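# Residue-level structure breakdown
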Amino acid sequence: MNWQRHDTAQSFFIASSNEPCLRLHLRAHAPDAQRTPVLFVHGATYASRLYDIPHPGASWIQATAGAGFAAYALDIRGYGQSRPDTMARSDASYARASEAIRDIDDAIGWICARHGVSALGLVGGSWGTVTTALYASTIGAKRVNRLGLYAPIYAEHNDGWHKILADPEEPSRFNPGFGAARLVTEESTRARWDAEIPEGAGWRDEAVFQALVQSSLADDPQAQSENPPAFRAPNGTLVDLWEAFNARPVYDPARITCPTILIRGGADPTSTRSDALRLLGDLGTVDKQYIEIANGAHFVSAERRAPEVFSHMNRFLCDRSAGCLTSGPLGPDRSVY
């Protein structure tokens with residue numbers, strides 16, 4: 001299937017207030033000014049494409065727009081189409097959470113002005129839960145009225161990730177060999193994803209997988225110069241994850257007071273049940289919930305059970321206290337697993 005004909009989102013570029021020569025990219029579905037806006041923020045590897053996979057039924061932000069929202073997804077600096085001329089540093093500190101929240105703030109400021117509102121719904125995924133939770137607990141506390149954390153990461157020792165990120169010479173520290181960015185290929189994505197799916201389980205659609213990978217490669221103008229083709233992803237994210245996976249939280253959840261939902265795939269080894277439940281208990285808000293989708297991996301939002309993820313998040317965002325202007329379906333009413 002030709003993914004390009006399903007790539008129907010509008011693109012907006014806004015100037016960064018924090019980094020010269022950087023234009024931040026937003027993709028959007030139904031960005032009508034009278035609709036209630038929602039912003040999605042991606043994780044450590046795949047950019048906003050993960051929320052807008054160009055395949056029928058696979059775009060999360062299109063499903064959110066179908067529920068009546070103006071749905072936006074941001075590319076953090078160095079990701080997707082938010083690329084400076086060069087990554088300014090050679091070490092693995094580019095695009096850490098402390099910088100990412102500046103990009104989130106720029107995007108939210110622009111969206112709020114466009115829609116004439118003072119706050120919006122904010123959804124983060126994986127490392128994006130670190131950045132959005134940090135934002136909602138600090139500089140953005142008054143700009144977030146509902147917070148969705150998909151595949152949440154908080155502060156729990158994770159043996160698998162510790163082995164990936166540790167210095168082989170001194171396992172107690174982050175590997176200094178990581179540079180400013182890493183290359184992501186189709187093969188590396190498939191290997192990581194397949195490791196989380198039981199053998200013979202049909203959790204993922206190959207056409208959706210290809211649409212995600214190929215569209216992500218197309219967003220990086222240097223991808224085709226690599227052999228095999230590969231897009232760049234900043235490594236500052238890995239420094240944040242190193243902290244989280246060594247049980248050192250990057251944000252203080254007690255300072256989050258807006259309604260919050262946590263959603264994760266039941267087989268996710270990155271966002272674990274124990275870590276998510278600890279986060280649930282530490283959140284400062286009294287309006288909070290946890291939902292687990294069985295037979296789903298870290299990328300369950302791009303798997304066959306994705307409609308359940310979309311539906312649960314839409315129902316949370318459509319609470320009347322958030323001023324939801326829903327005009328479309330919320331999706332099937334499915335049980336929580």
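Up top you'll find the structure we're talking about.
Residues numbered from 1 in each chain as written. Predicted model: local features only at pLDDT ≥ 70, side-chain atom pairs only at ≥ 80, totals over all residues. Heavy atoms only, no water.

### Notes on the packing of aromatic side chains
Within this structure, the stated rule accounts for 16 aromatic pairs. Where Trp 161 meets Phe 245, the ring centres are 5.8 Å apart and the plane angle is 20°; that geometry is what we call stacked. Residue Trp 161 is found in helix α4 (residues 159-165), and its partner Phe 245 is found in the loop between α7 (236-244) and β9 (260-265); the two are separated by 84 residues along the sequence. Comparing Trp 161 with Phe 245 shows no difference in burial state: the two are buried. An aromatic cluster is defined as three or more aromatic residues linked by ring pairs; in this entry it consists of Phe 40, Tyr 51, Trp 60, Tyr 150 and Phe 310. The ring centre of Phe 316 lies 4.3 Å from the NZ or CZ of Arg 146, which sits over that ring. Above the ring of Trp 193, the side-chain terminus of Arg 204 is found at 4.9 Å from the ring centroid. (Phe/Tyr/Trp six-rings, centres within 6.5 Å; stacked < 30°, edge-to-face > 60°. Helix = DSSP H or I, 4+ residues; strand = E, 2+ residues; numbered from the N terminus. Buried < 20%, exposed > 50% of the residue type's maximum accessible area, 1.4 Å probe, protein only. Lys NZ or Arg CZ within 6 Å of the ring centre and 35° of its normal.)

### As for helix α6 (residues 206-219)
Helix length check: α6 (14 residues) gives 20 Å between terminal C-alpha atoms against 20 Å at 1.5 Å per residue, within 8%. Within α6 the residues assigned to the buried category are Val 208, Phe 209, Ala 211, Leu 212, Val 213, Ser 215, Ser 216, Leu 217 and Asp 219. By the N-cap criterion, in which a side-chain oxygen at the helix start approaches the backbone nitrogen of a residue two or three places on, α6 is capped by Asp 205, the distance to Ala 207 being 2.8 Å. (Expected span 1.5 Å × (residues − 1). Polar contact = N/O pair within 3.5 Å; in protein donor to acceptor, adjacent residues only side chain to side chain.)

### Some remarks on the nonpolar core
Ranked by internal contacts, the top residues of the largest apolar core, which has 78 residues, are Leu 26, Leu 39, Ile 104 and Leu 122. Counting residues per element, this core draws most heavily on helix α2 (residues 97-115), at 8 residues. In this view, Leu 39 contacts Leu 26, Tyr 72, Ala 73, Leu 74, Ile 104, Ala 107, Ile 108, Ile 111, Gly 121, Leu 122 and Val 123; residues no more than four positions away in its chain are not counted. (Core = buried A, V, L, I, M, F, W, Y, C linked by side-chain atoms within 4.5 Å. Contact = heavy atoms within 4.5 Å.)

### What to know about the environment of Pro 259
Here Pro 259 shows up in the loop between α7 and β9. Owing to a relative accessible area of 16%, Pro 259 belongs among the buried residues under this scheme. With 60 residues separating them along the chain, Pro 259 and Asp 319 place their C-alpha atoms 9.9 Å apart. In this view, Pro 259 contacts Asn 145, Arg 146, Leu 147, Thr 285, Asp 287 and Phe 316; residues no more than four positions away in its chain are not counted.

### Points about the pattern of salt bridges
Within this structure, the stated rule accounts for 21 salt bridges. Note that Asp 194 and Arg 204 form a salt bridge whose closest N and O atoms lie 2.9 Å from each other. Placement of Asp 194 in helix α5 (residues 186-194) and of Arg 204 in the loop between α5 and α6 is noted, with a sequence separation of 10 residues between them. Classification of Asp 194 by relative accessible area gives partly exposed; the value is 37%. Put simply, Glu 243 and Arg 248 hold a salt bridge, and the shortest N to O gap is 2.8 Å. Glu 243 sits in the partly exposed class, given a relative accessible area of 24%. The class for Arg 248 is partly exposed, based on a relative accessible area of 37%. (Salt bridge = Lys/Arg side-chain N within 4 Å of Asp/Glu carboxyl O.)

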